[in-house]
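Here is what each chain is made of, one letter per residue.
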Amino acid sequence: MKFFIDTADLDEIAEAKGWGCLAGVTTNPTLYAKTGGKLQDFEPHMLKIAKLCEGLPVSAESTATDTEGMIEEGKRLAALAPNIVVKLPVCEAGLAACRALADAGIRVNMTLVFSAAQALLAANAGARYISPFVGRFDDIAEDGISQLGDVIACIGNYDWSGKNVDGEVEIITASVRTPNHVVQAALMGADIATVPMAALKKCVRHPLTDQGLASFEADWAKVVAGA
Ligand code: E4P
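Since the structure is predicted, the reported quantities are computational estimates derived from the model, not experimental observations. The residue numbering used here restarts from 1 in each chain and proceeds along that chain's sequence as written. In view of the model being predicted, local features appear only for residues whose pLDDT reaches at least 70, and side-chain atom pairs are presented and counted only at 80 or more, with totals across whole chains, interfaces and linings using the full set of residues.

(A) Up close: the site of the ligand. The rule is simple: place the C-beta atom from the backbone, and if it lies within 6 Å of a molecule or strand, the residue is near it. Around the ligand lies a shell formed by Asp 6, Thr 26, Asn 28, Thr 111, Ser 131, Phe 133, Gly 135, Arg 136, Ala 174, Ser 175 and Thr 194. Asp, Glu, Lys and Arg are counted as charged, while Ala, Val, Leu, Ile, Met, Phe, Trp, Tyr, Cys and Pro are counted as nonpolar; the rest, among them Gly, fall into the polar class. The residue inventory of the shell around the ligand, partitioned by class, reads two nonpolar, seven polar and two charged.

So this is what it looks like as structure tokens:
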């Protein structure tokens, strides 16, 4: 399973990229708002992320609410850089815009997916990536991981060649809150997990690793002292 970072913060992206295991970036209007960015800086900011992560898919979300607007904004976002993936919400307008953008050779990440039925519609509309949300189910005391399993199973049952520019559909586990979400997603065979920085850092750390490092350092200090 590949790791994406779920943020629009350039410093976080640069830090995670420095770890050598980052395969992409996802953003959304909320994540951009958190950076304090202004409306007129949105596209330049997406371009900065795309350049920082050259060759890696970077999802930039359309904020249009109708099909025509999504197509127009999607084309503009995709033209910023070859690694921009247009993110669209799964709804009637989003599906229609996804088909038009896919037919124009543009990669689409269909977001706000909460059911396997939505995922199947998105794949048929030409989505290159599908983002089922896990944590938001858990927030309302429902089982996000089992919903994710349904999406993976349904999408995995079919061959998507000819449906989008790459002929494949990858599942991005989204709305990830914990390392356990990451592990459960990988056990189910999700292609990707997009993880916010705080949860990514929790994935890196383990108390036994910290303890092991401390004892190695202490023992090595004794060797150095005796040299
Ligand atoms: C997906 O790409 C979204 O950006 C994201 O994962 C939403 O997560 P949230 O539920 O933590 O807002």
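(B) View of the environment of Glu 92. Under the scheme used here, helices are H or I runs from DSSP no shorter than 4 residues and strands are E runs no shorter than 2 residues, and both carry numbers assigned from the N terminus. Following the sequence through the fold, Glu 92 ends up in helix H5 (residues 92-103). Between the buried cut of 20 or more and the exposed cut of 12 or fewer other C-beta atoms within 10 Å of a residue's own C-beta lies the partly exposed class, and all C-beta atoms are placed from the backbone. We classify Glu 92 as exposed; it has 10 C-beta atoms within 10 Å. Here the alpha-carbon distance between Glu 92 and Glu 168, two residues 76 residues apart in the chain, equals 22 Å.

(C) Region of interest: unusual backbone geometry. A positive phi angle, close to 60°, is found at Ala 141, a residue other than glycine. Looking at the element boundaries, Ala 141 is found in the loop between helix H7 (135-139) and helix H8 (144-156). Given 6 C-beta atoms within a 10 Å radius, Ala 141 is considered exposed. Positive phi, normally seen in glycine, also occurs at Ser 175, with a value near 55°. Along the chain, the position of Ser 175 falls in the loop between strand E7 (170-173) and helix H9 (179-187). Its 23 C-beta neighbours within 10 Å are what place Ser 175 among the buried residues.

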